[in-house]
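Descriptive structure summary
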Amino acid sequence: MRVHLYTGALSLVRKSGVGQAIFHQEAMLESAGVTVTGGWEEKADAVHINTVLPDSVLAALRARLRGETVIYYGHSTMQDFRNSFVGSNLLAPLFQKWICFCYNLGDVILTPTPYSQQLLESYHLKKPVLALSNGVDTAFFKPSKTQRCAFRRRFGLQESDKVVISVGHMIERKGILDFIEMARALPEAHFFWFGYTDPALVPEPIKAAMAAAPENVCFPGFLDQSSLRDAYCGADVFAFCSKEETEGIVVLEALACGTPTVVRDIPVYADWLRGGIDVYKAADAPEFTQIVSGMLAGTLPELTLAGRRVAQARSLQNMGRQLCRIYRSRHILPGPITTPAWQPEQTVPSRQPAVLP
């Protein structure tokens, strides 16, 4: 089988979750023995489209004219477009109409979680929507004392220093304001926010909050994958304060590295991350502060083993097999459907969630 992984405009999304999803798809396909191509020279059995930029629309139309099956990835929703960049709330209704047009160019739409599947289905799309995790490279992202030391050495930290990190664009939706508030309430800890956003797209309230952030907050910018892995391994807590996600690849990366993790208690995590079992969940900045304080002090139970199992269930190899199962169900790939259905809720033994003090 041959799959064309369309990478037009990749340079624009390389540093985002969408860019990582494209790289993950290549690894998934190759792990399943599928031939991956990036050009139009030979006809492919399927073409993967990952962005909603104009060039992707043209690519989808071209693929359909060539008789190739179009797999459109639904990474974006109107809900996660809001509260992001300058003008996003004003443009959100138009954005929804645009992504519906784009996604309907696919023969099937893949989206990372049951939650995002429900959102897209509520848009009354004409094509079937299926949930498939973006996956995580568990061979690359894994616990390492060497990487932990590298991170702490790079930023001049002692082993005894308490470190909290987060990753994402500098936008309200990602929870950067709550992250800064949490750092202000916990001055004894070091806080790092990794990520880059074009300053022209950062809303003024966010710029002002970053400029007024306490001294224990650092904004080092974008990190490559190796440095980001060091950061996960070197941190004592990964605090993901995002208010809306379709999945959150960085959450999977942190869990794979065995980083104690707290996320916002939002619907996207309801089906696969259990509060007090796999991760901790917080509703607002005060609760984030309370939980992170307990995690740093060691007064809350350790959840990293269960968290790693969640990530391992979504390894690129496992997701590659699930993707081939979808191909077979859509008659893109010949052969029987032998891969068992993906059931993330069964990745760890059931037990009672940890109770906050």
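Small disclaimer: the values here were computed from a predicted structure and weren't measured. (Residues numbered from 1 in each chain as written. Predicted model: local features only at pLDDT ≥ 70, side-chain atom pairs only at ≥ 80, totals over all residues. Heavy atoms only, no water.)

**Some remarks on the pattern of salt bridges**
This is how the line gets drawn: Salt-bridge detection follows one rule: a side-chain nitrogen of Lys or Arg within 4 Å of a carboxyl oxygen of Asp or Glu. Numbered from the N terminus, helices here are DSSP runs of H or I no shorter than four residues, and strands are runs of E no shorter than two. Throughout, exposure labels follow a simple rule: accessible area from a 1.4 Å probe, protein chains only, divided by the maximum for the residue type, with under 20% read as buried, over 50% as exposed, and the rest as partly exposed.
Taken as a whole and judged by the stated rule, the model has 12 salt bridges. Ionic pairing is found between E159 and R148, a salt bridge with its closest N-O pair at 3.0 Å. One end of the pair, E159, is in the loop between α7 (145-154) and β7 (163-167); the other, R148, is in helix α7, and 11 residues separate them in sequence. The class of R148 is buried, set by a relative accessible area of 16%. One salt bridge connects E204 with K207, and the closest N-O pair in it is separated by 3.5 Å. Remark: K207 and E204 occur in helix α9 (residues 204-211); sequence separation between them is 3 residues, near one turn of the helix. Classification of E204 by relative accessible area gives exposed; the value is 54%. Residues joined in a network through salt bridges with shared partners are R148, R152, E159 and D236.

**A closer look at the nonpolar core**
The tendency in soluble globular proteins is for nonpolar side chains to be buried as a group. Selection criterion: Grouping buried Ala, Val, Leu, Ile, Met, Phe, Trp, Tyr and Cys residues that are joined through side-chain atoms within 4.5 Å yields what is termed a nonpolar core. Working rule for contacts: check all heavy atoms of both residues, and any pair within 4.5 Å makes them a contact.
Core analysis: the largest hydrophobic core is formed by 35 residues, its most contacted members being I165, Y232, F238 and Y269. At the level of elements, α6 (114-121), β7, β8 (190-194), α10 (225-234), β10 (237-240), α11 (249-256) and α13 (304-313) are the ones that each hand at least two residues to this core. Of all the elements, α11 adds the most residues to this core, at 6 residues. In contact with Y232, not counting residues within four places along its chain, are F141, I165, V167, F238, V250, E253, A254, C257 and T259.

**Here's the deal with the environment of A92**
Position of A92 relative to the elements: it lies in helix α5 (residues 88-103). Here the alpha-carbon distance between A92 and D271, two residues 179 residues apart in the chain, equals 26 Å. Residues in contact with A92, not counting those within four places in the same chain, are M78, F81 and R82.

**Focus on the environment of T69**
Along the polypeptide, T69 turns up in strand β4 (residues 69-73). Overall, T69 belongs to the partly exposed group, its relative accessible area being 21%. Spatially, the C-alpha atoms of T69 and V47 are 6.2 Å apart, while their sequence positions differ by 22 residues. Not counting chain neighbours up to four residues away, the residues in contact with T69 comprise D45, A46, V47, D107 and I332.

**Comments concerning the layout of surface pockets**
This is how it is decided: A 1.4 Å probe that fits into a set of points on a 1 Å grid over the protein atoms alone but cannot get out defines a cavity; an open set with protein on both sides within 12 Å along at least five of seven lines defines a pocket, and lining residues are those with an atom within 4 Å of a point. Grid points are joined across faces, edges and corners, and a volume is the space filled by probe spheres set on the points. Under this grouping Gly is polar, as are all residues other than the nonpolar Ala, Val, Leu, Ile, Met, Phe, Trp, Tyr, Cys and Pro and the charged Asp, Glu, Lys and Arg.
Computed from the structure, the largest pocket encloses a volume of approximately 1500 Å³. The wall of the largest pocket is formed by 49 residues, among which V13, S16, G17, V18 and H169 lie closest to the centre. Looking at the lining of the largest pocket element by element, the count peaks at 4 residues for helix α2 (residues 17-31). Grouping the constituent residues of the lining of the largest pocket by class yields 22 nonpolar, 17 polar and 10 charged. In this structure, the second largest pocket spans a volume of roughly 240 Å³. Residue lining of the second largest pocket: 21 residues in total, with D236, P260, M295, P301 and E302 positioned closest to the centre. Contributing elements (two or more residues each) for the lining of the second largest pocket: α12 (285-297) and α13. Partitioning the lining of the second largest pocket into residue classes produces 10 nonpolar, 6 polar and 5 charged.

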